[in-house]
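# Working through the structure, step by step
Single-letter residue listing:
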Protein chains: 2
Amino acid sequence: MGGKMISKNKLKELAAYRQQKRCDEEGLFVVEGPKMAAEALASGVAIRTVCAVAEWLSAHAGGMAADVVCEVSPAELERLSNFKTPNQVWMLVERSEVSVESGRLVLALDRIQDPGNMGTIMRTADWFGVRHIVCSADTVSCFNPKVVQASMGAVFRTRVDYVDLPQWLAACGMPVYGASLHGRPLGEVPAPGDNAVLLIGNESRGISPEAMTAVTHPILIPNRGGTAESLNASVAAGILLNYFIG
Amino acid sequence: MGGKMISKNKLKELAAYRQQKRCDEEGLFVVEGPKMAAEALASGVAIRTVCAVAEWLSAHAGGMAADVVCEVSPAELERLSNFKTPNQVWMLVERSEVSVESGRLVLALDRIQDPGNMGTIMRTADWFGVRHIVCSADTVSCFNPKVVQASMGAVFRTRVDYVDLPQWLAACGMPVYGASLHGRPLGEVPAPGDNAVLLIGNESRGISPEAMTAVTHPILIPNRGGTAESLNASVAAGILLNYFIG
């Protein structure tokens, strides 16, 4: 089963969602490719529009409302896509608030900039069952198309809040573990279990001085080699999450 | 101090090194940007050619032989660069074999495909002092420009061998720890310390059946969330390296 071929006007209207601002204003985000489309369908998120090539539609559009689905050519898909290599399907879906249990480990992110890192951190948190991420206001949006892609579906299962981070940390009432060059080596720090905050800093500048004042437990992943300057932020997040709740 | 402006012929000749094959044949690789150029200079690697904009040259080319250095315009740098956004300096350097101590932990990579993952794994290994990486023949080249960049200098400090991996693992005479869905949870496995091999598999297919036969200690990073399908390969490598030698 195919869909109705898309009109020129509709294509133009939807191509406007390549602007992140447009998505933000309307509380929507874009999901691309068969893998992430399957995650979206499985998550039960409200789907506003699906544009896909005939091949994808014939396999997946069976149960969808006809007015939601458009068939596009590969060239039309390219006009919608945020990627150099569009991949069969493009979806516009509604953002929804994921509810989280209180008293569980919260991941806090201070000024993470790279979309690949942000998505990988969300994917890693999802692996460890961490569903609540609190970010400084200038952290990259979790609805950035590259973040959505790298999250491998975590975006549908994670609550991500953007806040005044130093203020939030100071008021959260939980111990805050943050990576610092002056911290205690990881092996010497007992894992806090749940009811704690793990704070990860910017890729090149680390945790900001303002956020650092709220850190109650500075910790350090020892630099055994002595030559590398730093770890990638998503690798550091993975090591710390595994240490704390692996 | 600036350099001699590059000739059209020289530019054409050097632009040919955008082909990885050309670099492979001549035992060279390309290093780009001020950060990696500084790592190259500090490493003592043999530098064949430096092409840079006047600004970089005036600050860094003081001690370099005149016949090695060319000044280029931003447009000329763009013709040489492997990146969308070239960054001040392009260098052609010689590959050299890094010597490694025996009896130390060796990292083995089975079919890692993504250059960003490969570079990040090299960077993480460098952080933990792991200087020897053994790869299946179809793992991405450590001299791929994106790998070099993501390695953050580790490429100058790491010995990377490309081998028949199942054969190498079977003959290495060390215990081989490999991530497997049927492995023992990480927390239950005593860290082997040195004199062991840690094997990381392909991003989507994991460790190949052929390499898996050489794994003596299958291990598992527990999936506490129960929803994510997998971890990013470089995050998994970081967690395992930290567990084993952190």
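Reading guide: rules and limits
Residues numbered from 1 in each chain as written. Chains lettered and ligands numbered in written order. Predicted model: local features only at pLDDT ≥ 70, side-chain atom pairs only at ≥ 80, totals over all residues. Pairing = 2+ DSSP bridges. Helix = DSSP H or I, 4+ residues; strand = E, 2+ residues; numbered from the N terminus. Axes fitted to C-alpha atoms, helices over the stretch in contact; angles between N-to-C directions. Contact = placed C-beta atoms within 7 Å. Parallel < 35°, antiparallel > 145°, perpendicular 65-115°, else oblique. Left-handed = near helix turned anticlockwise from the far one by under 90°. Nonpolar A, V, L, I, M, F, W, Y, C, P; charged D, E, K, R; others polar. Domains from an automatic or database assignment. Least-squares fit on C-alpha atoms with pLDDT ≥ 70 in both. Right-handed = clockwise from strand over helix to strand, strands pointing away. Core = buried A, V, L, I, M, F, W, Y, C linked by C-beta atoms within 7 Å. Buried ≥ 20, exposed ≤ 12 C-beta atoms within 10 Å, placed from the backbone.

All names here are of chain A. The parallel open sheet is built from six strands, whose spatial order is S8-S7-S6-S10-S9-S11. Each edge of the open sheet is held by one strand with a lone partner, namely strand S8 (159-163) and strand S11 (217-220). Strand after strand, the sheet turns through a mean of 35° between neighbouring axes, direction not considered. Strand direction decides the pairing type here: strand S9 (residues 176-185) and strand S10 (residues 197-200), joined by three bridges, are parallel. Within the sheet, the bridge partner assigned to Tyr177 lies in S10 and is Leu198. Strands S9 and S10 of the sheet are contacted by helix H10 (residues 233-245), whose axis makes an angle of about 160° with S10.

This next bit is on the packing of helix H6 (residues 115-127) of chain A against H10 of chain A. All names here are of chain A. Packing of H6 against H10 leaves a shortest axis separation of 9 Å and a crossing angle of 15°. Taken together, H6 and H10 sit at an angle that is classed as roughly parallel. Seen from above, H6 lies across H10 with right-handed handedness. Along its contact with H6, which presents Asn117, Thr120, Ile121, Thr124 and Ala125, the element H10 presents Ala233, Ser234, Ala237, Gly238 and Leu241. Of the residues assigned to the contact of H6 with H10, the class counts are five nonpolar, five polar and no charged.

All names here are of chain B. Taken together, the five strands give an open sheet; going across it, the order is S1-S4-S3-S5-S2, and neighbouring strands pair in mixed fashion. Unpaired on one side and paired on the other, strand S1 (4-5) and strand S2 (28-32) mark the two borders of the sheet. As defined by bridge partners, S1 adjoins strand S4 (residues 69-71) across two bridges and the pair is classed as parallel. Residue Lys4 lies in a different strand from S4, and its bridge partner there is Cys70. Contacts from helix H3 (residues 33-43) reach S2, strand S3 (47-52) and strand S5 (89-94), with the element oriented near 30° to S5.

Residues and elements named next belong to chain A. If you check the domain split of chain A, you get domain 1 (4-94) and domain 2 (106-245). Of note, the centres of domain 1 and domain 2, computed from C-alpha atoms alone, are 31 Å apart. Facing the twelve residues of domain 1 at the interface are eight residues of domain 2. When residues of the side of domain 1 that touches domain 2 are traced back to their parent elements, those giving at least two are helix H2 (20-26), strand S2 (28-32) and helix H3 (34-43).

Least-squares fitting of chain B to chain A yields an RMSD of 0.0 Å, with the transformation described by 0.0 Å of translation along the axis and a rotation of 180°. Given the turn and translation reported, the copies of this chain are related as if by a two-fold rotation axis. Interface overlap between copies is the fraction of interface residues in one copy that are interface residues in the other; for chain B against chain A it reaches 100%, indicating a shared surface.

Facing the 29 residues of chain B at the interface are 29 residues of chain A. Residue assignment for the side of chain B that touches chain A shows that the elements contributing at least two residues are helix H6 (115-127) and helix H10 (233-245) of chain B. Looking at the side of chain B that touches chain A element by element, the count peaks at six residues for H10 of chain B. For the side of chain B that touches chain A, the residue count by class is twelve nonpolar, twelve polar and five charged.

Glancing now at the pairing of S8 of chain A. Residues and elements named next belong to chain A. Of the pairings in the sheet, the one linking strand S7 (residues 132-136) to S8 comprises five bridges and is parallel in character. Across the sheet, Ser136 pairs through a bridge with Val163, a residue of S8. Between the parallel elements S7 and S8, the chain passes through helix H7 (residues 145-150) in a crossover that is right-handed.

Residues and elements named next belong to chain B. As for its placement among the helices and strands, Cys23 is situated in helix H2 (residues 20-26). Considering only alpha carbons, one finds Cys23 and Ser58, 35 residues apart in sequence, at a separation of 28 Å. Ignoring anything within four residues of it in the chain, the contact list for Cys23 reads Tyr17, Leu28, Phe29, Val30 and Phe143.

Residue and element names in this part refer to chain A. As paired strands, S2 and strand S5 (residues 89-94) are joined by five bridges and run antiparallel to one another. Bridge pairing in S5 links Val30 to Leu92. Of the strand pairs in this sheet, strand S3 (residues 47-52) and S5 are connected by five bridges, and their pairing is antiparallel. For Val50, the partnering residue across the bridge sits in S5 and is Met91.

Now for the nonpolar core. In this structure, Leu198 of chain A together with Leu198 of chain B are the most contacted members of the largest nonpolar core, which totals 156 residues. If sequence neighbours within four positions are ignored, Leu198 of chain A has contacts with Leu105, Leu107, Ala108, Tyr177, Leu240, Leu241 and Phe244 of chain A.

A positive phi angle, near 65°, is found at Arg111 of chain A, a position not held by glycine. In this fold, Arg111 of chain A is placed in the loop between strand S6 (106-109) and H6. With a phi close to 70°, Gln88 of chain B is a non-glycine residue in the positive phi region. Considering the arrangement of structural elements, one finds Gln88 of chain B in the loop between helix H5 (74-80) and S5.

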